[in-house]
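One letter stands for each residue in the lines below.
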Amino acid sequence: KAAHTLALIYEYPQQSNNLVPIDVYAAFEWFKAAAEGGCVPSMAELALCYELGCGVTQSDENALDWYMKAAAAGCSSAHFSVGEHYEEGRSVRLDHEEACIWYHRAAVMGEEDGVRGLRRLEEVARRVLPNVGDILNV
């Protein structure tokens, strides 16, 4: 928890009333330490660092690996991010059906981005997920 808090301070200076300047490299290292220690929010943040190349060399493979770990630990936004990787074919084969499955998991967990992902791929979603209409028709 402390490592995650330090990472947030380095990434978002307003967390320290702007006493600590932005340092994406330090934020990455602290997110990594916290993620490796099992901190789920840090797993998702570390994945985002890899996805954007923030404080580390950009790597879709490492991003997906950490998003998968965060998703397995129950992080709803990570489910959405895994879906994006499948929708866009980043470090995995392009697979809209698989993307819909991940978006659906995110949506069921209350992630609005998951619903938006399903709407983007609505035709595929309705074919792959028989009860998706309950989510899409809201």
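Throughout what follows, the structure given in this document is the object of discussion. Note that the structure is predicted; figures quoted are calculated from it, not measured.

### A few points about the environment of Asp-23
Assignment of secondary structure puts Asp-23 in the loop between helix H1 (2–11) and helix H2 (24–36). For the pair Asp-23 and Pro-13, spaced 10 residues apart in sequence, the C-alpha to C-alpha distance is 9.1 Å. From its side chain, Asp-23 meets the backbone nitrogen of Tyr-25 in a polar contact 3.1 Å long.

### Here we look at the pattern of salt bridges
Applying the stated criterion to the full structure yields 9 salt bridges. As a salt-bridge pair, Asp-60 and Arg-90 come within 3.6 Å of each other at their nearest N and O atoms. Here the residue Asp-60 occupies a position in helix H4 (residues 60–72), and Arg-90 occupies one in the loop between helix H5 (76–88) and helix H6 (96–108), the gap between them amounting to 30 residues. In this structure, Asp-60 and Arg-90 share a single accessibility class: buried. Residues Asp-65 and Lys-69 are paired through a salt bridge, measuring 3.3 Å at the closest nitrogen-oxygen approach.

### Digging into the packing of H5 against H6
Helices that pack against each other are described as a pair by the angle of their axes relative to one another and the distance between those axes. Axis separation between H5 and H6 bottoms out at 8 Å; the angle between their running directions is 165°. Relative to H6, H5 is oriented roughly antiparallel. Seen along the crossing, H5 lies across H6 with a hand that is left-handed. Along its contact with H5, which presents Ser-76, His-79, Phe-80, Val-82, Gly-83, Glu-84, Tyr-86 and Glu-87, the element H6 presents His-96, Glu-98, Ala-99, Trp-102, Tyr-103, Arg-105 and Ala-106. The residue inventory of the contact of H5 with H6, partitioned by class, reads 7 nonpolar, 4 polar and 4 charged.

### A word on the nonpolar core
Counting 38 residues, the largest nonpolar core has Phe-31, Leu-46, Trp-66, Cys-100 and Leu-118 as its most contacted members. Look past the residues within four positions of Leu-118 in its chain and what remains in contact with it is Cys-100, Tyr-103, His-104, Ala-107, Ala-125, Leu-129, Val-132, Ile-135 and Leu-136.

Quick notes on the rules
- Residues numbered from 1 in each chain as written.
- Predicted model: local features only at pLDDT ≥ 70, side-chain atom pairs only at ≥ 80, totals over all residues.
- Heavy atoms only, no water.
- Helix = DSSP H or I, 4+ residues; strand = E, 2+ residues; numbered from the N terminus.
- Polar contact = N/O pair within 3.5 Å; in protein donor to acceptor, adjacent residues only side chain to side chain.
- Salt bridge = Lys/Arg side-chain N within 4 Å of Asp/Glu carboxyl O.
- Buried < 20%, exposed > 50% of the residue type's maximum accessible area, 1.4 Å probe, protein only.
- Axes fitted to C-alpha atoms, helices over the stretch in contact; angles between N-to-C directions.
- Parallel < 35°, antiparallel > 145°, perpendicular 65-115°, else oblique.
- Left-handed = near helix turned anticlockwise from the far one by under 90°.
- Contact = heavy atoms within 4.5 Å.
- Nonpolar A, V, L, I, M, F, W, Y, C, P; charged D, E, K, R; others polar.
- Core = buried A, V, L, I, M, F, W, Y, C linked by side-chain atoms within 4.5 Å.

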